[in-house]
Amino acid sequence: MNKKLYAVVLKLVDDIMKKESPQWAKKKARILKQKGSLMEALEVDSLLALEIVSAIEKKFKVRIEEKDFDNFNNLENIVSLLEKKIEKSKKSGKARAEL
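### Things to note about the overall build of the chain
For the chain, the count of helices and strands is five helices and zero strands. Across the chain, helices and strands are ordered from the amino to the carboxyl terminus as α-α-α-α-α. Computed over the C-alpha atoms, the radius of gyration of the chain is 13 Å, within 12% of the 13 Å expected from 2.2 N^0.38 for a compact globule of 99 residues. In terms of principal-axis extent, the alpha carbons of the chain reach across some 40 × 25 × 25 Å. In the chain, which comprises 99 residues, the share counted as buried stands at 41%. Contacts spanning at least 24 positions in sequence make up 62% of the contacts within the chain whose residues lie at least 6 apart. Total accessible area on the chain stands at roughly 6400 Å², and carbon and sulfur atoms take up 51% of it. Of the side-chain charges in the chain, 23 are positive and 16 negative, and the distance between the mean point of each set is 6 Å.

In structure tokens:
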């Protein structure tokens, strides 16, 4: 797993959750280590989930399809999905955000 990519995704999620959840600092370590659904563990509604997805799309200049949402169950899977999408973008010549 790309540790730099993981750190960037973690920061995106962290920044959004700091704004949205006063309890985030207390729950952060436990939530980020678990293997279940990240969105459920974050206790985000669909609007906040879309905000997280949108931030990731914007940062990495990728499109995350609805079918990809199943992969949003933990940070490792999100990073794995992004690695694949970034590699595909490289092959097609599309620009992506620098890490």
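### Notes on the packing of helix α1 (residues 3-20) against helix α2 (residues 24-33)
Relative orientation and spacing of two packed helices are given, respectively, by the angle between their axes and the distance between those axes. At their nearest, the axes of α1 and α2 sit 11 Å apart, and the two run at 145° to each other. Where α1 crosses over α2, the two elements pack in a sense that is right-handed. Contacts between α1 and α2 involve L10, D14, M17 and K18 from the former and W24, K28 and L32 from the latter. Of the residues belonging to the contact of α1 with α2, the class tally is four nonpolar, no polar and three charged.

### Looking at helix α4 (residues 46-60)
It helps to recall that an α-helix has 3.6 residues per turn; residues three or four apart then point in one direction. Compared with an ideal rise of 1.5 Å per residue, which puts 15 residues at 21 Å, α4 spans 21 Å between its outermost C-alpha atoms and is within 8% of the ideal. Within α4 the residues assigned to the buried category are L48, A49, I52, V53, A55, I56, E57 and F60. Contacts made by the buried residues of α4 are with α1, α3 (38-41) and α5 (75-92). A positive backbone phi angle near 50° is found at K61, which sits one or two residues after α4.

### Focus on the side chain of K27
Along the polypeptide, K27 turns up in helix α2. Judged by relative accessible area, which is 18%, K27 ranks as buried. If sequence neighbours within four positions are ignored, K27 has contacts with S21 and E43.

### A word on the nonpolar core
Counting 32 residues, the largest nonpolar core has L42, I52, I56 and F60 as the members making the most contacts within it. Within the residue set of this core, elements represented by two or more residues are α1, α2, α3, α4 and α5. Top contributing element to this core by residue count: α1, with eight residues. Sequence-distant contacts of L42, that is, excluding residues within four places in its chain, are made with V13, M17, W24, I31 and I52.

Calculation rules
- Residues numbered from 1 in each chain as written.
- Predicted model: local features only at pLDDT ≥ 70, side-chain atom pairs only at ≥ 80, totals over all residues.
- Heavy atoms only, no water.
- Helix = DSSP H or I, 4+ residues; strand = E, 2+ residues; numbered from the N terminus.
- Rg over C-alpha atoms; globule rule 2.2 N^0.38 Å.
- Buried < 20%, exposed > 50% of the residue type's maximum accessible area, 1.4 Å probe, protein only.
- Contact = heavy atoms within 4.5 Å.
- Areas by Shrake-Rupley, 256 points an atom, 1.4 Å probe, with all protein chains shown as cover.
- Lys, Arg positive; Asp, Glu negative; His and termini not counted.
- Charge placed at Lys NZ, Arg CZ, Asp CG, Glu CD.
- Axes fitted to C-alpha atoms, helices over the stretch in contact; angles between N-to-C directions.
- Left-handed = near helix turned anticlockwise from the far one by under 90°.
- Nonpolar A, V, L, I, M, F, W, Y, C, P; charged D, E, K, R; others polar.
- Expected span 1.5 Å × (residues − 1).
- Core = buried A, V, L, I, M, F, W, Y, C linked by side-chain atoms within 4.5 Å.

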